[in-house]
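# Overview (structure and organization)
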Amino acid sequence: MIIKPKVMIVDDEENVREVLKMITSALNFDVIAEISNGNEAVKVFREVKPDILFLDINMPFMYGDEVLEEIKNEIEATCVIMLTAFSDVDDVKKCIKLGATYFIRKDTSVPKIAGIVKETWQKFNDKHKGKSQKPDLHGLIQEVENDRLLNKYFKKE
Amino acid sequence: MGYDLPEEFQSKFKLLKQEYIDKLPQMISELSIAINDFLQDPTEESIKKAYTVVHNLSGSSGLYGYSDISKKSKEFDKIIKPFLEKTELPTEENIILVRQKFMEYLSFLQNYNL
């Protein structure tokens, strides 16, 4: 029997949660929790201990990075994928340093999001089965820096 | 790194995107009312209403392929968020800035060709 990875989605926008649910279902993952705010996210995360956590950075009242700060010592077995908008470069870098596995910009095309999620989970899962080396933190931060569109926008501000 | 999503997904996503397109004029109208309320009487409730619409537009527009709406919304989101978080006071000077930026943002949304 194939065990489906358990997914928790944290985003204050219903539309985003809905599309992520559709993507994860298409990938044959199991969405076990859907949360719209950061405060509740911390509580539910501790209850359900998901395999994959989608975490929006920019939410009102409690940011995704604050949620991550709260649970940073409890995410070793969770693949944390941050959801970002255009100008969250510094926040993304902070989240990666706090232990996030990867990041997805919300203006990424849906098939590409699905591809990123699938590949990120596979790599994370392989790592936890001892098949690969430690994550290349420096490389990942460099990837954030190199995100051409993101940086282009950031420089304008 | 793309993934071939099944036909069923494509049709459901198409429906959601159409819902978003259909709802956009209503969202613009709600936003306009909320911002005008805020400009006339800057209360916590009026700024919360406005922020919710702008923030939703910022995230969902990108997801449905309208990244320029998402970007503009994000810019305006950043202008009004400090009022919601009370790190900025609705002084006369700030209200003038919000009004000016809102007019630019509203004009962009109203003239946008979906």
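In case you missed it, the structure is sitting above this.
A brief structural summary.

Rules of the game
Residues numbered from 1 in each chain as written. Chains lettered and ligands numbered in written order. Predicted model: local features only at pLDDT ≥ 70, side-chain atom pairs only at ≥ 80, totals over all residues. Helix = DSSP H or I, 4+ residues; strand = E, 2+ residues; numbered from the N terminus. Buried ≥ 20, exposed ≤ 12 C-beta atoms within 10 Å, placed from the backbone. Contact = placed C-beta atoms within 7 Å. Pairing = 2+ DSSP bridges. Axes fitted to C-alpha atoms, helices over the stretch in contact; angles between N-to-C directions. Nonpolar A, V, L, I, M, F, W, Y, C, P; charged D, E, K, R; others polar. Parallel < 35°, antiparallel > 145°, perpendicular 65-115°, else oblique. Left-handed = near helix turned anticlockwise from the far one by under 90°. Expected span 1.5 Å × (residues − 1). Arc of directions from axis to C-beta.

Once that is clear, we can look at the overall build of chain B. Counting secondary structure elements, chain B contains 4 helices and 0 strands. Overall, chain B shows an N-to-C arrangement of helices and strands of α-α-α-α. Overall, the C-alpha framework of chain B stretches about 55 × 25 × 20 Å when taken along its three principal axes. Here chain B holds 114 residues, and the buried ones make up 32% of them. If you take every contact in chain B between residues at least 6 apart in sequence, the share linking residues at least 24 apart comes to 48%.

This brings us to the sheet that holds strand S4 (residues 79-84) of chain A. Residues and elements named next belong to chain A. Strand order across the open sheet formed by 5 strands is S2-S1-S3-S4-S5, with parallel pairing between neighbours. On the outer flanks of this sheet lie strand S2 (30-35) and strand S5 (102-105), each paired with one strand and no other. Each strand of the sheet is rotated relative to its neighbour by a mean of 20 degrees, with strand direction disregarded. Of the strand pairs in this sheet, strand S1 (residues 6-10) and strand S3 (residues 52-56) are connected by 4 bridges, and their pairing is parallel. The residue of S3 that forms the bridge with Val 7 is Ile 52.

Here we take up the interface of chain B and chain A. Every contact between the two is made by 22 residues of chain B and, on the other side, 22 residues of chain A. Contributions of two or more residues to the side of chain B that touches chain A are made by helix H1 (7-40), helix H2 (44-63) and helix H3 (67-84) of chain B. Here the residues of the side of chain B that touches chain A are counted per class, giving 11 nonpolar, 8 polar and 3 charged.

Residues and elements named next belong to chain B. With their axes 8 Å apart at the nearest point, H2 and H3 run at an angle of 150 degrees to one another. Compared by their axis directions, H2 and H3 come out roughly antiparallel. The interaxial crossing formed by H2 with H3 has left-handed handedness. In this structure, H2 contributes Ile 47, Lys 48, Ala 50, Tyr 51, Val 54, His 55, Leu 57, Ser 58, Ser 61 and Gly 62 to the contact, and H3 contributes Ser 67, Ile 69, Ser 70, Ser 73, Lys 74, Phe 76, Asp 77, Ile 80, Lys 81, Phe 83 and Leu 84. Of the residues assigned to the contact of H2 with H3, the class counts are 10 nonpolar, 7 polar and 4 charged.

Even without glycine at this site, A:Lys49 takes up a positive phi of about 40 degrees. Within the secondary structure, A:Lys49 is located in the loop between helix H2 (38-48) and S3. Look at B:Lys86: it is not a glycine, yet its phi comes out positive at around 60 degrees. Mapped onto the secondary structure, B:Lys86 falls in the loop between H3 and helix H4 (92-110). By C-beta crowding, B:Lys86 is classed as exposed, having 10 other C-beta atoms within 10 Å.

All names here are of chain B. Taking 1.5 Å of rise per residue, 19 residues should cover 27 Å, and H4 covers 27 Å from first to last C-alpha, within 8% of that figure. Those residues of H4 that sit buried are Val 98, Phe 102, Tyr 105 and Leu 109. Around the axis of H4, the buried residues are gathered within 70 degrees of arc, so they sit on the same side. Across H4 from its buried face, at more than 90 degrees, point the exposed residues Glu 92, Glu 93, Ile 96, Gln 100, Met 103 and Ser 107.

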